[in-house]
Every structure is written in structure tokens, then in C-alpha cells.
Amino acid sequence: MRRSSTFARQVLLVRVGRRDGAAVAATDLVTPDHRWTDRQRRRYGRFEAEVEAVMPVSPALAPAAPVDEAPAMSIPLLPGDRTAARRAKFALVNACTLSSLMLGMLAIFLAMQGEVRVAALCLIACVAFDGLDGALARKLGVASPFGAQMDSLADMCSFGLAAPVVVYASLAGSAPAAAAAVACALVAACAAIRLARFNVSPKDGRFFCGVPTTMAAAVLALTVAIGLPVSGLVMVGGVALLAFAMVSSFPYAKLARLVKLPPWIWLAPVVGALVDIRLTFALVVVGYLVSGPVLWLRQRRTA
């Protein structure tokens, strides 16, 4: 107790006056008297270090973390060897993706000018380029996360925005504008949800979860291109149904699986297209949409 009180008096010594009687502030800190230091050394045989200054430390402030001043590293868009040949292949694949994007923009401009049939053909070309870029990326060995994101953004522009704009322009005068706008807006919203879900979901090699955005856009484009003879309200209902099919959980077979079907199954659509292409197209679309719920019920029964 004596040692601690002596040391406390040295540190927190308050000077209340001077020899000349002048008052000073009570909070001034002074340097400890050396006589106290010598007396402590003689009494206890040790020397305590002098306290030169007392700095207040706020307990509420955590110590500042060191700032990482390392320069930001850029991630290469093309993984692997960046040779001239691979860069050319990578540029070719992304050129196909950008072509799909530009054709989608052209389809919007043509639809605004009333050229809905030509705009629908541009959308069909978008579908072709969309399938081409993925096939080329896998065959040339230049598939990358950057290419996947580019493909998703191009699909949103071409199939999520251009397709409903073309359909809305084709429905002008044949259906109420408000109903057509709501149905086309559903296509855009469901396409965004479908693409975002596809990017974060595990891939299934056999089935799609919901109707793919590319296939939905192809159906809409072909409907406008061939001029399906249905009323405007029926067309609006079909567009809304197709939009909800994109975000459904029904399994739909992929094109590679459909190609492996027996040849006689493909014979009926081919013959039907030669007789009446519009009716055949409508039956094929309805059959594909119905196949999702049928497969879903079959999987639940076998599970």
C-alpha cells in the first residue's frame, strides 16, 4: 500500500500553488520530484522509471487495423494459356454473343417502326447465335465464367426485352393495350428470374427446370413470323402462360434429349408442317408445354 501510494503521488502530483503565492490550474501535471525517486531507491533498493507523460486512452476505440495497400489484381477473362490462337477463338465466341445482342437491339428498332415480321426473323437469328456461341466455346476449349455472364446478359436483352417488345408491337390493334402490356411485362420479369435462377442452380444434363428463355423467345418469334391465326386475347393468354412456364419447376427435356427420340416421332411434325405449318407449330408448342407437368407427375409417382 505504501509503495503504491507513493508511486501514485509521484504520477498524479497536483500543484496547488507556487512560492510566490500565484494560483495555478489544479489539473496541471508536473514532473515527479527527484527527491522522492532517490528516497524510494534507497528504501527498497530499486529504481522505478519516471513517468514523463500520461496519455488518455479511450476504451471505446478499437486499435486501427493495418490498411492493405497491396495493388488490386485483375482477373484474366480467359483462363489458361493466353496464346494468340486461344485469344482469337475467345474473341470469335464472344463475337457470336455480341451478334445476338445487336440483333436483339435491331429487333426492337424494327418493331418500333412496325416491321414486326422482320423483327421476328431477327429474334430467330438471335436464337441461332445464342446456340452457336455455347457450342463453339465448348468445342474450342475457351469456355469461361466471363463468357457465361456475357451470354446471360445478351439473353436478357434479346429474349427478355426484345421478344416481348416485338410481341407487343404485333398485338397492336388486336388486343387491349393494357392486357398486352401486362403479358409482355410478365415475359420480361420471368425471363430475368429464369436467367438468374439458372446462373446459381446446379445443372442437370437431362432436363431444364422450367421452359428455357431461348426456347420461349423462339416460340414467340415464330408465332409472330408465321402469323398464327388466333385472336388477340388468346395470344395474350398464351404469352402469359409461356411467361409463367419459364419460372415453373416443371422438368422440360433438353434439345439433345429430344434429338435422340425415334425417327418416326419426328415424321409426324414434318408431314404436318407440309400440310399446315401453323396448326402443326401450335400442336408442337402445346405438346412441349404439357410435357413438363406430365414428367413432373411421373417423377413424383416413381419417387
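Every value quoted in this text rests on a predicted model; they were computed, and no experiment measured them.

Trainee: A description of the overall build of the chain should follow, citing residues and the corresponding values.
Mentor: Helix and strand content of the chain: eleven helices and two strands. Here the chain holds 303 residues, and 31% of them are scored as buried. Excluding contacts between residues fewer than 6 apart, the proportion of contacts in the chain whose partners are at least 24 apart in sequence is 75%. Taken as a whole, the chain presents about 19,500 Å² of accessible surface, with 68% of it coming from carbon and sulfur.

Trainee: I'd love a proper account of a positive patch on the surface, names of residues and values included.
Mentor: Together, Arg206, Arg257, Lys260 and Arg298 give the surface a local cluster of positive charge. Structurally, the position occupied by arginine 257 is in helix H9 (residues 255-259).

Trainee: Give a detailed account of the packing of aromatic side chains, specifying residues and quantitative values.
Mentor: All told, the structure shown has three aromatic pairs when counted by the stated rule. In this structure, lysine 254 packs its charged tip against the face of phenylalanine 208, placed 5.1 Å from the ring centre.

Trainee: I'd like to hear about helix H3 (residues 84-112), residue by residue, with values.
Mentor: For H3, built from 29 residues, the straight-helix expectation of 42 Å at 1.5 Å per residue is met to within 8% by its first-to-last C-alpha distance of 42 Å. Following H3 by one or two positions, glycine 114 adopts a phi angle in the positive range, close to 90°.

Trainee: I'd like to hear about the packing of H3 against helix H4 (residues 116-140), residue by residue, with values.
Mentor: Closest axis-to-axis distance for the H3/H4 pair is 8 Å, and the angle between their directions is 165°. Looking at the two axes, H3 sits roughly antiparallel to H4. Once H3 is placed against H4, the crossing between them reads as left-handed. Residue classes in the contact of H3 with H4 are distributed as 19 nonpolar, four polar and three charged.

Trainee: Before we move on, can you summarise the nonpolar core with the specific residues and values?
Mentor: Counting 47 residues, the largest nonpolar core has Ala107, Leu123, Val166, Val167, Leu220, Val239 and Met246 as its most contacted members. Contributions of two or more residues to this core are made by H3, H4, helix H5 (145-170), helix H6 (177-200), helix H7 (213-226), helix H8 (232-246), strand E2 (251-253) and helix H11 (277-302). If near-sequence neighbours (up to four positions away) are discounted, valine 167 is found in contact with Cys184, Leu220, Val224, Met235 and Val239.

Trainee: Explain the packing of H5 against H7 to me, and be specific about the residues and the numbers.
Mentor: Two elements in contact, H5 and H7, have axes whose closest approach is 10 Å; the angle formed by their N-to-C orientations is 25°. By the angle class used here, H5 and H7 are roughly parallel. Between H5 and H7 the crossing geometry is left-handed. Facing H5, whose interface residues are Asp155, Phe159, Ala163, Val166, Val167 and Ser170, H7 presents Thr213, Thr214, Ala217, Leu220 and Val224.

Trainee: Kindly report on a nonpolar patch on the surface, identifying the contributing residues and their values.
Mentor: A contiguous nonpolar surface patch, about 530 Å² in accessible area, is contributed by Leu267, Val270, Val271, Leu274 and Val275. Relative to the elements of secondary structure, leucine 267 occurs in helix H10 (residues 263-275). By relative accessible area, which is 52% here, leucine 267 ends up exposed.

Trainee: I'd like a description of the side chain of aspartate 155, backed by residues and values.
Mentor: In this fold, aspartate 155 is placed in helix H5. The buried charged residue aspartate 155 lacks any salt bridge, with arginine 194 as its nearest oppositely charged partner at 9.0 Å. Beyond its immediate sequence surroundings of up to four residues, aspartate 155 is in contact with Asp130, Gly160, Leu195 and Thr214.

Trainee: Tell me about the environment of serine 144, residues and numbers included.
Mentor: For serine 144, the location among the structural elements is in the loop between H4 and H5. Sequence separation between serine 144 and phenylalanine 90 is 54 residues, and the spatial gap between their C-alpha atoms is 9.1 Å. Discounting residues that sit within four places of it in the chain, serine 144 has contacts with Leu77, Pro79 and Phe90.

Trainee: Give a description of the side chain of threonine 280 that names residues and reports values.
Mentor: Mapped onto the elements of the fold, threonine 280 is located in helix H11. Accessibility expressed as a relative area gives 14% for threonine 280, which makes it buried. A polar contact of 3.4 Å, which involves the side chain of threonine 280, links it to the backbone nitrogen of alanine 273. Excluding its chain neighbours within four sequence positions, the residues that come into contact with threonine 280 are Pro269, Gly272 and Ala273.

Trainee: Please provide a residue-by-residue account of the confidence of the model for the chain, values included.
Mentor: Across the chain, the average pLDDT comes to 79, with 75% of residues at or above 70. Segment residues 11-30: pLDDT under 50, and 17 contacts once partners within four positions in sequence are set aside and those in other chains are kept. Of the regions scoring below 50 in pLDDT, residues 47-54 engages in twelve contacts with residues more than four places distant in sequence or in other chains.

Calculation rules
Residues numbered from 1 in each chain as written. Predicted model: local features only at pLDDT ≥ 70, side-chain atom pairs only at ≥ 80, totals over all residues. Heavy atoms only, no water. Helix = DSSP H or I, 4+ residues; strand = E, 2+ residues; numbered from the N terminus. Buried < 20%, exposed > 50% of the residue type's maximum accessible area, 1.4 Å probe, protein only. Contact = heavy atoms within 4.5 Å. Areas by Shrake-Rupley, 256 points an atom, 1.4 Å probe, with all protein chains shown as cover. Patch = residues over 30% accessible without salt bridge, like charges linked within 9 Å, V, L, I, M, F, W, Y side chains within 5 Å. Salt bridge = Lys/Arg side-chain N within 4 Å of Asp/Glu carboxyl O. Lys, Arg positive; Asp, Glu negative; His and termini not counted. Charge placed at Lys NZ, Arg CZ, Asp CG, Glu CD. Phe/Tyr/Trp six-rings, centres within 6.5 Å; stacked < 30°, edge-to-face > 60°. Lys NZ or Arg CZ within 6 Å of the ring centre and 35° of its normal. Expected span 1.5 Å × (residues − 1). Axes fitted to C-alpha atoms, helices over the stretch in contact; angles between N-to-C directions. Parallel < 35°, antiparallel > 145°, perpendicular 65-115°, else oblique. Left-handed = near helix turned anticlockwise from the far one by under 90°. Nonpolar A, V, L, I, M, F, W, Y, C, P; charged D, E, K, R; others polar. Core = buried A, V, L, I, M, F, W, Y, C linked by side-chain atoms within 4.5 Å. Polar contact = N/O pair within 3.5 Å; in protein donor to acceptor, adjacent residues only side chain to side chain. pLDDT = per-residue confidence, 0-100.

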